[in-house]
Amino acid sequence: MSAFVIARPTDEEIQRRRNPYLRDHWQLSQKAIGIEIDDLPVLYDAWRREVLSYFLDIPISRLPKLVSVND
């Protein structure tokens with residue numbers, strides 16, 4: 001857990017910077033495909049928690065609250 005505590009501020013800043021890009025990318029992709037996926041931000045946040053849990057070997061329930069793509 002200590003590695004994540006150290007890396008967390010960097011992870012949060014990177015996610016905040018990435019959020020506008022992701023939202024724009026999803027909007028363009030949805031227009032191109034013609035399908036709207038309302039829960040895409042929720043799916044992305046869940047995927048991100050799964051990835052962090054796996055790589056840090058921390059149960060999802062023990063991860064701190066993460067910056068959401070909606071933030």
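Everything quoted here is computed from the prediction, not taken from an experiment.

(A) Region of the structure containing the side chain of Ser-53. By the element assignment, Ser-53 lies in helix 2 (residues 40–56). Here Ile-58 takes part through its backbone oxygen, which lies 2.4 Å from a polar atom of the side chain of Ser-53.

(B) Region of the structure containing the environment of Pro-41. Locating Pro-41 in the fold gives a position in helix 2. Separated by 11 residues in sequence, Pro-41 and Gln-30 place their C-alpha atoms 13 Å apart. Ignoring sequence-local partners within four residues, the contact set of Pro-41 consists of Trp-26, Val-69 and Asn-70.

(C) Geometry of the pattern of salt bridges. Applying the stated criterion across every chain, the model contains two salt bridges. Among the ionic pairs, Glu-13 bridges to Arg-17, the shortest N-O distance being 2.9 Å. Here Glu-13 pairs with Arg-17, and both are found in helix 1 (residues 2–33), just four residues apart, close to one helical turn. Judged by its relative accessible area of 35%, Glu-13 falls in the partly exposed class.

About the thresholds
- Residue indices begin from 1 for each chain and proceed along its sequence in written order.
- Residue-level local features of this predicted model are given only where pLDDT is at least 70; pairs of side-chain atoms are given and counted only at 80 or more, and the full residue set underlies all totals for whole chains, interfaces and linings.
- For the side-chain quantities, the full set of heavy atoms in the structure was used; hydrogens and water were omitted.
- Here a strand is any run of E in DSSP of at least two residues, a helix any run of H or I of at least four, and the numbering for each starts at the N terminus.
- For the purposes of these results, a polar contact is taken to be a pair of N or O atoms within 3.5 Å, where, inside protein, one atom must be able to donate a hydrogen and its partner to accept one; residues adjacent in sequence count only when each atom of the pair is a side-chain atom.
- Whether two residues touch is decided by their heavy atoms; if any such pair falls within 4.5 Å, the residues are in contact.
- For this analysis, a salt bridge means a side-chain nitrogen from Lys or Arg found within 4 Å of a carboxyl oxygen belonging to Asp or Glu.
- Burial status follows relative accessibility: with a 1.4 Å probe on protein chains alone, a residue under 20% of its type maximum counts as buried, one over 50% as exposed, and anything between as partly exposed.

Any link to function would need more than the numbers given here.
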